[in-house]
Every structure is written in structure tokens, then in C-alpha cells.
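One letter stands for each residue in the lines below.
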Amino acid sequence: MALLNHRPLLSIPSFHSPRLKPSARVSCFAARSNSVEAVELKSSRKEYVPGVVDDIFMNVFRRKMVEEIGWDSEKPGYDGLIDAAHRLMVGRSNSEATKASVRILRSLFPPLLLDLYKMLISPVAGGKVAAEMVARVTAISCQWLMGTCTVNSVDLPNGSSWSSGVFVEKCKYLEESKCVGVCINTCKLPTQTFFNEYMGVPLVMEPNFSDYSCQFKFGVSPPQPEDDSALKEPCLHICPTANRRKELTAVMDVSKCPKA
């Protein structure tokens, strides 16, 4: 029985402990004493797991993309959606791809609903109610597309602060598409245009091409194209097109993604 009073040399984690996500960085280091390995989680990000409702949203969204493009991928699920996003860029200018993406977003909503929202909700409290409302709906309904999202506060140009931001911890759409141009022309610009013109809610999206996070700021107008740093980003290092270009050319101009 005396053995029960001794502290074990190793601590064995419970089988009911939360499973480590692939995105968590694990480091092992030697302790000064006679001991053991320590596990340090560098990231607390929880990966979003889509459910049945999310699958419905994805299928509807993909069907609308296919109707606009006139083509569908043979790949199932999210991979097929990403294929469709790339196909949307083929044979179209950046402007045409953006306009096509706006049409897709509009087709997801009854026209009367958009008109009523813009007319009745958007003007309330100087736009605060509409901005905070769409932030919450976006965070709840779009995690299947972008990954884990949280509502946060954003500062407005007039010095006030609204709870009308959505922070995407690591955008799945950007990570899977591997393309700045797809992000800019099929997501950022059309989404900004859709909310501003058809829902009466200004929006600026600020993707971070280093860690794939993205900050939505509802209630804040986007900058002019010449002042938007996102439109001047080079290709992602994971972009297969950029990698092929590097192999074919000795010198590569990386000042801007050619698709953005």
C-alpha cells in the first residue's frame, strides 16, 4: 500500500482528453530533473467540423456556382467546390470573375429579402443593427466554407466601436484554393460588393496571406483599389501555378499575383 503514496514518474494523459488537432504545434523538451517530456500546445484553435446543415449549405452554394459556370467537377464535397472556384476564373477577366461571384451570392437569397433588409434594417441606428446582425449570421452560417469564426469588435472611422467584426482564424477556402487571385476575385471583392450594394452594409475584408486568417469589418467601407494592399499581394508559396512558373523562369516577378 505504501506504493500508492509515491508520485509516478510519468503522467499518462486520460483517454478522454481532447484530441490534439493537426494544426497544433507540439514541442518536447528535456526537464532538468529525472523526467520526461512535456507537451506544449502552441495553438488553441479548434478546427470546425461541418454538420448536416453545413453540408446542405455547401451543396446549395456549389449548385449555384455550377449554374453560373456551366460546369461541375467530378470531385465530391469541398474539393469539388474548390475546383469550381478555380474554373470560375478560367476564360474570364478578374472583373468578370468578380461579377459572376456577385451573381452567385445574389442567387442564394430571395430578391425581396435583400431589398427589405436594405430598406428597413440597414438604416436603423446608423447601420449598427444591420452590421452587427450580419456579422453574427456570417459567423454562424459560413464556418463550413471558411473554418472557425468568431465575432469581435471593430473600430469605425468615426472613433466608435461596434461588435460587427468576424475573425476567421484560418480560412479553409484560401488554404485549399492555394491562390490569392481566387481569394480576391471570387471571395473578397464580390462579398464586399454584395453586402454594400445589395444589403446596404459596408464591408471590408482583410485577408492575411501569411497565416490565412481573415478579418471581416462590417460597417467599414473598403478602401479604393489602389489603396488596398490585398490587391498587391504576391502569389502564395503553396500556389502550384507559382511553383511551375518558378521552374520555367530564372527570374520571377513576385510583386503581385498575376491572377489578383
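Residues numbered from 1 in each chain as written. Predicted model: local features only at pLDDT ≥ 70, side-chain atom pairs only at ≥ 80, totals over all residues. Heavy atoms only, no water.

- Per an unreviewed UniProt entry, the recorded name for the chain is Beta-carotene isomerase D27, chloroplastic, and the organism is Sesamum alatum.

## Digging into helix H2 (residues 77-89)
1) Next: For H2, the complete set of buried residues consists of Tyr78, Gly80, Leu81, Ile82, Ala84, Ala85, Leu88 and Met89.
2) Next: Looking at the buried residues of H2, the elements they touch are helix H1 (52-69), helix H3 (94-107), helix H6 (143-146), helix H7 (172-177) and helix H8 (180-198).
3) Next: Among the residues trailing H2, Gly91 stands out with phi positive, at a value near 75°. (Buried < 20%, exposed > 50% of the residue type's maximum accessible area, 1.4 Å probe, protein only. Helix = DSSP H or I, 4+ residues; strand = E, 2+ residues; numbered from the N terminus. Contact = heavy atoms within 4.5 Å.)

## Quick look at the environment of Gly77
1) Next: Counting through the fold element by element, Gly77 comes out in helix H2.
2) Next: A residue is classified by how much of its surface remains accessible, and Gly77, at 29% relative accessible area, is partly exposed.
3) Next: For the pair Gly77 and Asp55, spaced 22 residues apart in sequence, the C-alpha to C-alpha distance is 8.3 Å.
4) Next: When neighbours within four sequence positions are excluded, Gly77 is seen to be in contact with Met58 and Arg62.

## A look at the environment of Glu197
1) Next: With respect to the helices, strands and loops of the structure, Glu197 is situated in helix H8.
2) Next: A relative accessible area of 43% means that Glu197 is categorised as partly exposed.
3) Next: Between the C-alpha atoms of Glu197 and Leu114, which are 83 residues apart in sequence, the distance is 9.9 Å.

## Some words on the nonpolar core
Soluble globular proteins: nonpolar side chains tend toward being buried together.
1) Next: Within the largest apolar cluster, 60 residues are counted, with the highest numbers of intra-cluster contacts made by Tyr173, Phe216 and Phe218.
2) Next: Every residue in contact with Phe218, bar those within four places of it in the chain, is listed here: Ala131, Val134, Ala135, Thr138, Val154, Trp162, Ser164, Val166, Phe195, Val201, Pro202 and Leu203. (Core = buried A, V, L, I, M, F, W, Y, C linked by side-chain atoms within 4.5 Å.)

## Observations regarding the packing of aromatic side chains
A ring pair, where both rings are aromatic, is described by two values, the distance of the centres and the angle of the planes.
1) Next: Under the criterion given, the structure shown has six aromatic pairs.
2) Next: Their ring planes at 65° and their centres at 5.9 Å tell us that Phe61 and Trp144 sit as a pair that is edge-to-face. With a gap of 83 residues between them, Phe61 in helix H1 and Trp144 in helix H6 connect regions that are remote in the sequence.
3) Next: Residue Phe61 is classed as buried on the basis of its relative accessible area, which comes to 13%.
4) Next: For Trp144, a relative accessible area of 8% corresponds to the buried category.
5) Next: Cluster of aromatic residues (ring-pair linked, three or more members): Phe109, Phe194, Phe195, Tyr198, Phe216 and Phe218.
6) Next: Stacked on the ring of Tyr78, the Lys or Arg Lys172 has its end atom at 4.1 Å from the ring centre. (Phe/Tyr/Trp six-rings, centres within 6.5 Å; stacked < 30°, edge-to-face > 60°. Lys NZ or Arg CZ within 6 Å of the ring centre and 35° of its normal.)

## What to know about the layout of surface pockets
1) Next: A volume near 760 Å³ is recorded for the largest pocket.
2) Next: Around the largest pocket, the lining comprises 31 residues; the ones closest to its centre are Leu105, Leu108, Phe109, Ser141 and Cys142.
3) Next: Of all the secondary structure elements, the ones that give two or more residues to the lining of the largest pocket are H1, H3, helix H4 (111-121), helix H5 (128-141), H6 and H8.
4) Next: Per-element accounting of the lining of the largest pocket gives the leading share, six residues, to H8.
5) Next: For the lining of the largest pocket, the residue count by class is 26 nonpolar, five polar and no charged. (1 Å grid on protein atoms, 1.4 Å probe; cavity = no way out; pocket = protein on both sides within 12 Å on 5 of 7 lines; lining within 4 Å. Points joined across faces, edges and corners; volume = space filled by probe spheres on them. Nonpolar A, V, L, I, M, F, W, Y, C, P; charged D, E, K, R; others polar.)

## Digging into the pattern of salt bridges
Pairs can form between side chains of opposite charge whenever their charged atoms are close.
1) Next: All told, the structure shown has six salt bridges when counted by the stated rule.
2) Next: Lys75 is paired through a salt bridge with Asp83; the nearest N and O atoms lie 3.7 Å apart.
3) Next: The partly exposed category is assigned to Lys75, whose relative accessible area is 44%.
4) Next: Take Asp83: its relative accessible area is 22%, and that puts it in the partly exposed class. (Salt bridge = Lys/Arg side-chain N within 4 Å of Asp/Glu carboxyl O.)

## Regarding H5
The α-helix advances 3.6 residues per turn, and as a result positions three or four apart in sequence lie on the same side.
1) Next: With 14 residues, H5 should cover 20 Å at 1.5 Å per step; its first-to-last C-alpha distance of 20 Å lies within 8% of that length.
2) Next: Among the residues of H5, Ala130, Ala131, Glu132, Val134, Ala135, Thr138, Ala139 and Ser141 are the ones counted as buried. (Expected span 1.5 Å × (residues − 1).)

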